[in-house]
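# Commentary on secondary and tertiary structure
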Amino acid sequence: MFKRTVVINLIWLAILMFGAVSFVPAQTENSCDTWAYIIDDDPNGLNVRAGAGSNFKVSDTIPKDADGTSVNIVGSKGKWLKIKLAENSEGENVFSGSGWIYGPLVALRTRGSGASENELVKLYDGAKTSGRVVGRLKMETEVTLLGCKAAWVEVAFPGKSDKTGWLPPESQCGNPVTTCP
């Protein structure tokens, strides 16, 4: 009788666990198209993974370049960014294909319209200019990436990893070497 009760309880537990898992929303992949540069200080380079998560196998490594390496970001899932291309400061292709990198290991700088040196760049609560402004940053402020949607990027405020906002495409500079016009 004891064994039967244990088996029945294990079956109910499995049913409850399966049911709970099925109600957990899966992270969806967002499509985007933007550029950023690598800020990972690992001397061995930036790991590119086969999937969106640290549990996926490292499929490639983008070598460290003292002058900077740019990556073309084409998607995101959580804080993981899907890339298809990486170029060193000389414009040479150092990665092509498809892979995933951890977002906070890449950055870009903010840029304004050029109307004023004191211009502040707006960050929004979503990937749309009709959204609420959640912060303002000086031009040429480096921000780390947390995700993307279309041409917009979600970024962490400098020094405040818990505060995030969405940066519109015209306010992004993904070049590590020059200031974007």
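What you see is a predicted model; the values in this text were computed from it and never measured. (Residues numbered from 1 in each chain as written. Predicted model: local features only at pLDDT ≥ 70, side-chain atom pairs only at ≥ 80, totals over all residues. Heavy atoms only, no water.)

### Quick look at the confidence of the model for the chain
For the record, the criterion: What pLDDT reports is the predictor's confidence in each residue, on a scale of 0 through 100. Counting from the N terminus, the helices are DSSP H or I runs at least four residues long and the strands are E runs at least two residues long. Every residue pair with non-hydrogen atoms within 4.5 Å of one another is taken to be in contact.
Across the chain, pLDDT averages 86, with 84% of residues at or above 70. Looking at the elements of the chain, mean pLDDT is at its lowest for helix H1 (residues 2–22), recorded as 43, and at its highest for strand E2 (residues 46–49), recorded as 98. Within the model, the stretch residues 4–24 combines pLDDT values under 50 with 0 contacts to residues more than four positions away or in other chains.

### Regarding the environment of Lys82
The following threshold applies: Only protein chains enter the accessibility calculation, which uses a 1.4 Å probe; a residue is then buried when its area is under 20% of its type maximum, exposed when over 50%, and partly exposed in between.
Summarising the element assignment, Lys82 is placed in strand E5 (residues 80–88). Looking at Lys82, the relative accessible area reads 22%, which means it is partly exposed. As for Lys82 and Gly103, which are separated by 21 residues in sequence, their C-alpha atoms are 9.2 Å apart. With residues near it in sequence (within four places) discarded, Lys82 still touches Glu29, Asn72, Ile73, Val74, Gly75, Ser76, Ser98, Gly99 and Trp100.

### What to know about the pattern of salt bridges
Basically, it comes down to this: For this analysis, a salt bridge means a side-chain nitrogen from Lys or Arg found within 4 Å of a carboxyl oxygen belonging to Asp or Glu.
Under the counting rule described, the total for this entry stands at 2 salt bridges. Salt-bridge contacts for Lys82 lead to Glu29; the nearest nitrogen and oxygen are separated by 3.6 Å. You can see Lys82 sitting in strand E5 and its partner Glu29 sitting in the loop between H1 and strand E1 (30–38), a full 53 residues away along the chain. Among the ionic pairs, Arg132 bridges to Asp125, the shortest N-O distance being 4.0 Å.

### Describing unusual backbone geometry
For Glu140, which is not glycine, the phi torsion reads 65° and is therefore positive. Its place among the elements puts Glu140 in the loop between strand E9 (133–138) and strand E10 (142–149). Phi angles above zero are rare outside glycine, and Ala150 is one such case at about 55°. Tracing the sequence through the fold places Ala150 in the loop between E10 and strand E11 (152–157).

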